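# A look at the structure
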There are 4 protein chains.
Amino acid sequence: MTSRRFNSTDPDLDQLYHDLSEQQLQPLWEMRGLLTPTPKVRSVPHRWSAKELRSLGERAGELVPIDRGGDRRVLACANPGLDGAPYAASTLWAAVQFLGAHEVAPAHRHTPAALRFVLEGEGVWTLVDGDPLAMSAGDLILTPSWRFHEHHNSTEQPMLWMDVLDLPVVAALEAVFFEEGPTEEVERLTAPVSRSERHYGGAGLLPPPGQRAQPRHSPLLAYRWAETDRALDRRLEVTGADAATMTYVDPTRGTDVMPTMRCEAHRVRAGTRSPRSRQTGSRVATVFRGSGAAVVGDQRFDLAPGDIIAIPSWTSWQLEAHDQLDMFSTSDAPVLDALGLYREEECP
Amino acid sequence: MTSRRFNSTDPDLDQLYHDLSEQQLQPLWEMRGLLTPTPKVRSVPHRWSAKELRSLGERAGELVPIDRGGDRRVLACANPGLDGAPYAASTLWAAVQFLGAHEVAPAHRHTPAALRFVLEGEGVWTLVDGDPLAMSAGDLILTPSWRFHEHHNSTEQPMLWMDVLDLPVVAALEAVFFEEGPTEEVERLTAPVSRSERHYGGAGLLPPPGQRAQPRHSPLLAYRWAETDRALDRRLEVTGADAATMTYVDPTRGTDVMPTMRCEAHRVRAGTRSPRSRQTGSRVATVFRGSGAAVVGDQRFDLAPGDIIAIPSWTSWQLEAHDQLDMFSTSDAPVLDALGLYREEECP
Amino acid sequence: MTSRRFNSTDPDLDQLYHDLSEQQLQPLWEMRGLLTPTPKVRSVPHRWSAKELRSLGERAGELVPIDRGGDRRVLACANPGLDGAPYAASTLWAAVQFLGAHEVAPAHRHTPAALRFVLEGEGVWTLVDGDPLAMSAGDLILTPSWRFHEHHNSTEQPMLWMDVLDLPVVAALEAVFFEEGPTEEVERLTAPVSRSERHYGGAGLLPPPGQRAQPRHSPLLAYRWAETDRALDRRLEVTGADAATMTYVDPTRGTDVMPTMRCEAHRVRAGTRSPRSRQTGSRVATVFRGSGAAVVGDQRFDLAPGDIIAIPSWTSWQLEAHDQLDMFSTSDAPVLDALGLYREEECP
Amino acid sequence: MTSRRFNSTDPDLDQLYHDLSEQQLQPLWEMRGLLTPTPKVRSVPHRWSAKELRSLGERAGELVPIDRGGDRRVLACANPGLDGAPYAASTLWAAVQFLGAHEVAPAHRHTPAALRFVLEGEGVWTLVDGDPLAMSAGDLILTPSWRFHEHHNSTEQPMLWMDVLDLPVVAALEAVFFEEGPTEEVERLTAPVSRSERHYGGAGLLPPPGQRAQPRHSPLLAYRWAETDRALDRRLEVTGADAATMTYVDPTRGTDVMPTMRCEAHRVRAGTRSPRSRQTGSRVATVFRGSGAAVVGDQRFDLAPGDIIAIPSWTSWQLEAHDQLDMFSTSDAPVLDALGLYREEECP
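The residue numbering used here restarts from 1 in each chain and proceeds along that chain's sequence as written. Numbering of ligands from 1 and lettering of chains from A proceed in the order in which they are written. Only residues with pLDDT of at least 70 get local features here, since the model is predicted, and only at 80 or more are side-chain atom pairs given and counted; chain-wide, interface and lining totals rely on the full set of residues. Think of the side-chain values as coming from all heavy atoms in the structure, minus any hydrogens and water.

By definition, any uninterrupted DSSP run of H or I lasting at least four residues is a helix, any uninterrupted run of E lasting at least two residues is a strand, and each is numbered from the N terminus. Across its full length, chain A carries 6 helices and 24 strands. Over its C-alpha trace chain A gives a radius of gyration of 22 Å, about what one expects of a compact globule, namely 20 Å for 348 residues. Counting only C-alpha atoms and orienting by the principal axes, one finds that chain A spans roughly 75 × 55 × 50 Å. Looking at the 348 residues of chain A, the share that counts as buried comes to 64%. Surface accessibility follows the Shrake-Rupley procedure with a 1.4 Å probe radius. Residue values consider only the protein chains on display as shielding. Carbon together with sulfur atoms contributes 47% to the accessible area of chain A, which is approximately 12,300 Å² in total. Put simply, the radius of gyration uses C-alpha atoms, and a globule should come to 2.2 Å times the residue count raised to 0.38. In this scheme, a residue with accessible area under 20% of its type's maximum is buried, one over 50% is exposed, and one in between is partly exposed, where area comes from a 1.4 Å probe on protein chains only.

Facing the 84 residues of chain D at the interface are 84 residues of chain A. Two parts lose some accessible area (1.4 Å probe) when they are put together, and adding that loss for both gives the buried area. Taken together, the two surfaces of chain D and chain A that pack against each other cover about 7,200 Å², and 66% of this comes from carbon and sulfur. Within this document, salt bridges are pairs made up of a side-chain nitrogen of Lys or Arg and a carboxyl oxygen of Asp or Glu, the two lying within 4 Å of each other. Our count for the chain D to chain A interface comes out at 4 salt bridges. A salt bridge links Arg42(A) to Glu174(D), with the nearest nitrogen and oxygen atoms 3.2 Å apart. Whenever two N or O atoms come within 3.5 Å, that pair is a polar contact, provided that in protein one can donate a hydrogen and the other can accept it, and provided that, for residues adjacent in sequence, both atoms are side-chain atoms. The tally of links between chain D and chain A comes to 30 residue pairs in polar contact (both at pLDDT 80 or more). Put simply, the parts of the chain that give the side of chain D that touches chain A at least two residues each are α1 (11-22), β1 (25-27), β2 (46-48), α2 (50-63), β3 (74-77), α3 (167-172) and α6 (333-338) of chain D. All amino acids are sorted into three groups, where Ala, Val, Leu, Ile, Met, Phe, Trp, Tyr, Cys and Pro are nonpolar, Asp, Glu, Lys and Arg are charged, and the leftover types, Gly among them, are polar. Here the side of chain D that touches chain A is built from residues that sort into 48 nonpolar, 21 polar and 15 charged. Sheet topology note: the strand β3 (residues 74-77) of chain A/β1(D) ladder contains 3 bridges and is antiparallel. Opposite Cys77(A), over in β1(D), you have Leu25(D) as the bridge partner. Contact criterion: two residues are considered in contact whenever any of their non-hydrogen atoms come within 4.5 Å of each other. Here, a strand pair is defined by DSSP locating no fewer than two bridges between the strands.

Now for the sheet that holds strand β2 (residues 46-48) of chain A. Pairing is antiparallel in the open sheet, where 7 strands are placed in the order β2(A)-β21(A)-β18(A)-β23(A)-β16(A)-β15(A)-β13(B). Edge positions in the sheet fall to β2 of chain A together with β13 (205-206) of chain B, since each of these pairs with one other strand and no more. Structural elements are reduced to axes, namely lines fitted to C-alpha atoms, with helices fitted over the stretch in contact, and the angle between N-to-C directions of any two is expressed from 0 to 180 degrees. Helix α5 (residues 225-239) of chain A rests against β15 (243-248), β16 (262-268), β18 (283-289) and β23 (325-331) of chain A together with β13 of chain B of the sheet, and its axis sits at about 135 degrees to β15(A).

When the copies are superposed, the least-squares fit draws on C-alpha atoms of residues that have pLDDT of at least 70 in both. Each copy of the sequence occupies a distinct position, and chain D is placed on chain A by a rotation of 180 degrees and an axial shift of 0.0 Å, giving an RMSD of 0.0 Å. What we have between these two chains is a two-fold relation. In terms of proximity to the rotation axis, the leading residue of chain D is Ala338(D), whose C-alpha is 3.3 Å off the axis. When the interface residues of chain D are mapped onto chain A, 100% of them are again interface residues, pointing to one common binding face.

The next thing to look at is the pattern of salt bridges. Tallied over the full model, the rule gives 84 salt bridges over all chains. Here Asp229(B) and Arg267(B) are joined by a salt bridge, their closest N and O atoms 2.5 Å apart. You can see Asp229(B) sitting in helix α5 (residues 225-239) and its partner Arg267(B) sitting in strand β16 (residues 262-268), a full 38 residues away along the chain. Its salt-bridge partner being Arg267(C), residue Asp326(C) comes within 2.7 Å of it at the nearest N-O pair. With a gap of 59 residues between them, Asp326(C) in strand β23 (residues 325-331) and Arg267(C) in strand β16 (residues 262-268) connect regions that are remote in the sequence. The pair Asp326(C) / Arg267(C) is uniform in exposure class, with both members buried.

Take the nonpolar core next. In this structure, Trp93(A), Leu115(A), Tyr248(A), Trp93(D), Leu115(D) and Tyr248(D) are the most contacted members of the largest nonpolar core, which totals 166 residues. Core analysis: the next-biggest nonpolar cluster, separate from the first, contains 165 residues, Leu53(B), Leu115(B), Val170(C) and Leu336(C) among them. By nonpolar core we mean a set of buried residues, namely Ala, Val, Leu, Ile, Met, Phe, Trp, Tyr and Cys, connected to one another through side-chain atoms within 4.5 Å.

This brings us to the UniProt feature "domain: Cupin type-2" (unreviewed entry) in chain A. The UniProt feature table records "domain: Cupin type-2" (unreviewed entry) at residues 101-164 of chain A. Overall, residues 101-164 of chain A shows 0% helix and 62% strand. The separation of its end C-alpha atoms is 23 Å. UniProt positions are given in the numbering used here, feature names are shortened, and annotations may be inferred rather than shown by experiment.

Let us now look at the interface of chain B and chain C. Listed per partner, the contact involves 84 residues of chain B and 85 residues of chain C. Each partner contributes to the roughly 7,300 Å² buried at the junction of chain B and chain C, and carbon and sulfur atoms together form 66% of this total. The three residues of chain B that bury the most area against chain C are Trp29(B), Glu174(B) and Phe177(B), which together make up 11% of that side's buried surface. For the pair chain B and chain C, the interface holds 4 salt bridges. Counting across the chain B and chain C interface gives 30 residue pairs in polar contact (both at pLDDT 80 or more). Taken together, the elements giving at least two residues each to the side of chain B that touches chain C come down to α1 (11-22), β1 (25-27), β2 (46-48), α2 (50-63), β3 (74-77), α3 (167-172) and α6 (333-338) of chain B.

Attention now goes to helix α2 (residues 50-63) of chain A. Residues and elements named next belong to chain A. With 14 residues, α2 should reach 20 Å at 1.5 Å per residue; the first-to-last C-alpha distance of 20 Å fits that figure. Restricting attention to buried positions, one finds in α2 the residues Ala50, Leu53, Leu56, Gly57 and Ala60. One face of α2 carries all of its buried residues, which in axial projection span an arc of 135 degrees. Of the exposed residues in α2, those oriented more than 90 degrees away from the buried face are Lys51 and Glu62. The span one expects for a helix is its residue count, reduced by one, times 1.5 Å. The directions considered for the arc are those from the helix axis to the C-beta atoms.

Turning our eyes to something else, we now look at the relation of the copies chain B and chain C. With an RMSD of 0.0 Å, the fit of chain B onto chain C corresponds to turning through 180 degrees and sliding 0.0 Å along the axis. Looking at the interface residues of chain B, 100% of them are also at the interface in chain C, so both copies use one shared face.

Residues and elements named next belong to chain A. Looking at where Ala265 falls in the secondary structure, it is placed in strand β16. Among the residues examined, Ala265 registers a relative accessible area of 2% and is labelled buried. Taking the C-alpha atoms as reference, Ala265 lies 10.0 Å from Thr286; in sequence the two are 21 residues apart. Look past the residues within four positions of Ala265 in its chain and what remains in contact with it is Thr228, Leu232, Ala244, Thr245, Met246, Tyr248 and Met327.

Below you can see the structure in the form of structure tokens.
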């Protein structure tokens, strides 16, 4: 039981501080930095290089088996500002997951929500409560809070994707629950189109109101790159701007796909740049296609496909495209928005 | 100024009834049929034959010009139960509209909301507040409340589609407003894809929250048959049922496309039938493809493409498919739902 | 089966009109008045005098018994513009109900929603699904859609109140259902405070979220005059205006008390007047206390306590107070609002 | 820049771990305790004694002035489980604030939201954006996110209340903003009833929909003990239970008073106890009247008026009343609820 002691050169005050400490109390007037004019941000801008992620992932694939004792072969991005905590940004976990040929990552579920963005390859399946979701390059796959999920690779090739979780938020709220799935041999289900997509994947069409599932997250669990690609193109056409952002949404409500994470696809036309802006809340992003650079705060990172970057809270950022640049990002904006704490501003 | 007089053989009562009438009052205890065990329904089941609609439409095309004095060449379905009122069902206007080669139906707007379901053909454009929406067979086109809209036919062929309006509801609420558009020559805009579809047509993707239009209706104004066709197929696959219904929705909220009308696409597999059910509220429907029959209350109507049927409130209905049957329907379900008056039941 | 026939002096057109009529079709271009620049309003401004209502109510009390054959002793206000229909305005039923000493109006329920505003007296109880609600002067009592309700007068004095129902709307939507209550002798329950008020009557306090009823209407069923009086006073104080309006709300959502009717209390300071405005939708109002006048459209009605007035759609209205004037009104604004048809404007 | 290094006795693995560390990556399979079966909770059950709080507050009053350099004379409860962090529980700040005779705590605003629960006394005013809110024993006063607020004591007596803030959550989300108010001499406004209460304090009555403020928090800023007392009494009457809880709500929406904190009043009848339950999320509570005990997890705390207790996440708790026990509590339930992380269960 720790009790923090303040000190004073005034003996009466010092005695008061001693007595406060005895009672597990602290004097507000001696504290600094509790209420700062702008946010005190712990994470720093950072880039994890795709080349290193891939090479280290492959080495892990050779050295580390997947089994009950070590469910997932995952390399967690650890932001240098977070004192060794395994988080890519203050409120977001980001990692690359490496699944070898014919490997199976067994079923479990947890209250932290996860999403997977596939950087390359195909032929891996994520089962969410038994619904098989094919994973191919550019796809976004949701494994929402407390849904059983497992992955299996039915090909001869290893595969690598980015995981993002809201784990830091759920841990800070002390609401982490975890459960392993049934231990019997998993059935390696596949299907050309998931149930989730057959019910909820139509643009502008849904099952009748009384027949819709009403979970706290999108009942559509897979978002395919072809659709994202087309939506970005059309958005650029209709706005005439240099850069477009589209938000992935729950088709039954138009809200963010999960209550804790906003997913967005960004496209910047070759030779142009996106507006420079900043928001409260953390963001992690990965390059899907193209090349260019990201200016985050006062740092500049060259970008290649598969690179992961961390954009801390209230830190300005801007994308520059050499070739047309396509980027996927996840932020905790829905959390800040739900709590009335979201702020955004353009930066000069 | 009419004043209804009740009568009684009791002279005191009769005098009271006389005095009530003088004061514009009526005795509840003498009224019958105000509060009935189940709804008193005025419309009757009816079918308007596609063959007649087309032939009469063509004759009207020859005889009746379109101009400011007669904005639209429209044949209104008049339900035989409604004493000559020009409504297909108690709360819905339905009609076929005939637009000749190179004709233009000039711009206007009104608080009653309208929708257009295209039965055949292509090459006609509906402009909604200047956004050109191509019209092709199977498409649903919205012209929501108080939006300027006009139609122009850029082809050599006349074209025919079904209009549905919530006019009876808006008139009963005494909230009809109407305004003609600018009188200058309309610009005959076309575009391969409407602005509405470029912004809002992606499945599971929307512009960022702060950049979305927030009208009282779907900002997506055109729903294409290819998408509807695919959604019905996938729904049949995933449910394994004989019949599927999909609801057209506002992609920003998952709600009905307009606050007064629910639009639905129905598909019944060849040789099977849909469940028999009834709902409060009126419905009009039209056959898009296939053949079969509709049993509405105790009547049976054979169905061919282009036929329009009226399904009155609280009247059971069921579809039978010979070939695979595709039907489009509109109901006032959102009105009943918003007011807490929607009831639905399966019928044995 | 009626079929409306249009005529033309052009023989070809006339033949077309004949053939359309045969097919239950009507030519839009021959219709007038369907889409009017502003609403076509059927009801007219009208006042029913309290003096007459009371005197005729008393005579009915002597002549007409209450029993199963004639559930309620009600005098319905019949707007002179509605061709004898028993509605006070196009979309609202209003009436006075007269309950004699020791009489009981037995239980029934119906989908049309009702409310009671008590003009004078006390000692009558309305039971809503068995919850006894005391009725005293100035109180608003709700009997929402499809809730069993009955009234019993436990005093030696007859009592009179105003009923308002959304019956015209529910009838137009063909969604009227009605059911009598159990025929056994009703239990004449009373209670100093209703269950509804004990659960939901606290200002700014509710049962925990998981323990709240979630009907489609306010779970608070009685609104007491003392609270209304205080709220009007405070509103006048804080705005400094001559007139105040407060809206009765569902305390669990802040919405209108029932999905079809908005209830409002109005107070105009002695010697002043309220702003002149008009809205889409109908309104009926009754004077609770004070005297003055209402100018409705181009008519002027002197006002005394108990008078009922009808304010038609899109018709300007203004209150003038001699003494401080307190008025209760009900409108169909929630219906128009839900359907995107509500308009309001100040009138010069 | 810290980089956490994992180790292995397998030299290949150890080299991998070294290389991961170089790249700011960490191997998930070596981490323990990230995804725990039930929440890992850092705060511990604790009680701060009213007697000590009052005596230490008075000593601080003598020794510590209030001025710009030290805005508030506040003793922060520091939970012994939190390693010296000044938080009463993992996600809640709780403190006692001591304001001497005629002192003024000057205006500032911050994104963390605050509330004040008055334990004893009267005659202090909190101004929120210039609206003067009287503070008396048992009252709840809100100073929501980013509203200027100040306190002034117009009496000869010092006064003491409990502050609760969502600071740990806002800090974890890196969204703290702070701003001092205008430096000119504050006007020491008072008013018998605040503007906030005059507009929004009526039970079941609100200004018309178009005239309501729509902040992200309750526009009603003061909740008076008399109303709370009555609501608790009525709730006990109508449920017949031993214990009652009422939730303070935003009267315009029925939601929690602020997006981050749920406020509740609890009453336990003399000689009985409340149900034993646990929830995800933290709670702090203070005794207003009565005596008894709280059993939190496996600890038991005797309770007297003014005691503050911390109830950690997913820790069972139960109240026992000797005399009738009235308690006020604040939890982060709205945060957990908004994010889909709220769980609750009865404990045997």
